[in-house]
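Structural features, examined
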Amino acid sequence: MLLDMDLGVLLPSLIPSSQSVYVLVFYFVYLAVAGEILPGKVIRGVLLSDGSQLRYRCNGLLALTLLVAILGLCAKLGIVSPLVVADRGLELLSTTFIFCVLVTLALYITGRSSSDKSSSLKPHVSGNLVHDWWFGLQLNPQFMSIDLKFFFVRAGMMGWLLINLSILEKSVQDGSLSQSMILYQIFCALYILDYFVHEEYMTSTWDIIAERLGFMLVFGDLLWIPFTFSIQGWWLLYNKVELTVPAIVANCLVFLIGYMVFRGANKQKHIFKKNPKTPIWGKPPVVVGGKLLASGYWGIARHCNYLGDLMLALSFSLPCGISSPVPYFYPTYLLILLIWRERRDEVRCAEKYKEIWAEYLRVVPWRILPYVY
C-alpha cells in the first residue's frame with residue numbers, strides 16, 4: 001500500500017486526527033479498566049534482587065474476548081465502523097508513535113527524579129541522555145498501580161489482532177478475500193490467542209524480568225508489534241495470491257512445528273523457574289551448576305525458543321507467496337533481532353554465571369539451530 005502512494009497522498013494520511021486520538025484513548029482506558037476489574041489468575045513474578053515479587057493479573061484472554069464482543073456489537077449497531085483501523089491505519093500509526101515519544105519522555109523525567117531504592121523503581125542513570133531514554137531507567141515503572149511494561153505488551157498483542165480483524169473485514173467488503181488471507185488470519189489469531197492463554201509465561205521472559213522500560217520496549221510493544229507484524233495482512237489486501245494444496249500443507253506444517261517448539265520451550269523454562277525438580281519429557285531435568293536447564297528443548301539449543309519463534313514468523317509470511325520481499329519483512333527483522341538479542345544474553349550470562357556458563361556451553365553447544373548455528 002505504501003509503495004503505491006506518492007508523497008502527496010502519504011504525508012496527509014500520516015497526520016493524526018481527533019478520531020485516531022479517540023480510538024487510542026478508548027483502547028488504553030478500556031485495557032486499564034478491564035485489567036483491574038476483570039477476574040483472572042494472579043501470578044507472582046520472579047524474585048527480584050531486593051527479595052520483592054510483583055503480582056500480575058493474567059486476565060488478558062477475557063479482556064480481549066470482551067473487547068472483540070463489544071466492538072462487534074458496536075459495529076452491528078452502527079456506532080463504530082469495523083473498518084476504522086483499516087481505513088485509518090497510517091493515522092493510528094503516527095498517533096501511536098507520538099504517544100510512545102510522550103510516554104518515554106515522561107518515564108525518563110520520572111525516573112531521573114526518583115529516589116526509590118527498590119529493584120523495580122531504582123533509577124539506573126548512565127549519564128547519557130539518549131542511552132537512558134532508549135533503554136529506560138526503571139525496571140518496572142507503574143502508573144496508578146498498573147505495571148506499564150506488562151500493560152504495554154498486552155496492548156501491542158491485542159492491537160495486532162484488532163488490526164488483522166479490521167483488514168479481514170475490509171477484504172470481505174471489497175470482495176478480495178482469498179485462501180492466503182484466511183490462512184494468514186488463522187495463524188495469527190491462533191498465535192495471539194495462545195499468547196493470552198499462556199499469558200503467565202510472559203512474567204518470566206527476559207523483557208519482563210531484566211529489560212528496563214524505555215523507548216525501545218514502549219515503541220516495540222505499542223507500535224512495532226501491531227503495525228509491522230500485520231504487514232502481511234496489508235499486503236494481501238492489495239495483492240491476490242493463489243496457493244496450491246501442497247503449499248498450504250507445507251505452510252501448516254511450518255506453523256505447527258514452530259508452535260510446538262516455541263510453546264514447548266517457553267513452557268519448560270517457565271515450569272523450571274517455578275519448580276526446578278519437575279520432570280521434562282518424563283525424565284529428571286539436567287541442570288548445569290544447579291542453575292541452568294539443559295534438558296528438553298533447552299538441551300537441544302541454548303535459545304531453542306527463538307527457533308520456534310522464527311518458524312512461526314515465517315509461517316505468517318508464506319501465505320503471501322514469493323513474488324515480493326515485502327511480506328517477509330517480519331521474519332527477516334526477527335532473525336536479525338533474535339541473533340542480536342541472543343548475543344546480548346550470552347554476554348550477560350557469561351558475566352553472571354562465569355564457570356557454570358562455560359560448562360553449559362560444553363553441554364549445549366548450539367545457539368539456535370542445531371548443527372547450523
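Model, not experiment: these values are computed from the prediction.

1. What about helix H3 (residues 60-76)?
- Between the first and last C-alpha of H3 there are 24 Å, a value that for 17 residues agrees with the 24 Å anticipated at 1.5 Å per step.
- If you follow the buried residues of H3, they end up packed against helix H2 (18-37), strand E2 (55-58), helix H7 (148-174) and helix H8 (179-197).
- Where H3 terminates, the next one or two residues include Gly78, which has phi positive at roughly 80 degrees.

2. Points about empty space enclosed by the protein
- Counted under the stated rule, the structure contains 2 cavities of 30 Å³ or more.
- Approximately 70 Å³ is the volume found for the largest cavity.
- Thr104, Leu107, Tyr108, Asp132, Trp133, Gly136, Leu137, Gln138, Pro141, Leu213 and Gly214 are the residues that line the largest cavity.
- Among the elements of the structure, helix H5 (89-113) and helix H6 (129-135) are those that each provide at least two residues to the lining of the largest cavity.
- It is H5 that contributes the most residues to the lining of the largest cavity, 3 residues altogether.

3. Structural notes on the UniProt feature "transmembrane region" (unreviewed entry) in the protein
- Those places that UniProt annotates as "transmembrane region" (unreviewed entry) correspond, in this numbering, to residues 20-39, 60-80, 92-110, 151-168, 180-197, 217-237 and 243-262.
- In residues 151-168, helix accounts for 100% and strand for 0%; the two terminal C-alpha atoms are 26 Å from one another.
- The distance separating the terminal C-alpha atoms of residues 180-197 is 26 Å; by composition the span is 100% helix and 0% strand.

Parameters and conventions
- Residues numbered from 1 in each chain as written.
- Predicted model: local features only at pLDDT ≥ 70, side-chain atom pairs only at ≥ 80, totals over all residues.
- Heavy atoms only, no water.
- Helix = DSSP H or I, 4+ residues; strand = E, 2+ residues; numbered from the N terminus.
- Expected span 1.5 Å × (residues − 1).
- Contact = heavy atoms within 4.5 Å.
- 1 Å grid on protein atoms, 1.4 Å probe; cavity = no way out; pocket = protein on both sides within 12 Å on 5 of 7 lines; lining within 4 Å.
- Points joined across faces, edges and corners; volume = space filled by probe spheres on them.
- UniProt positions renumbered as here; feature names shortened; annotations may be inferred.

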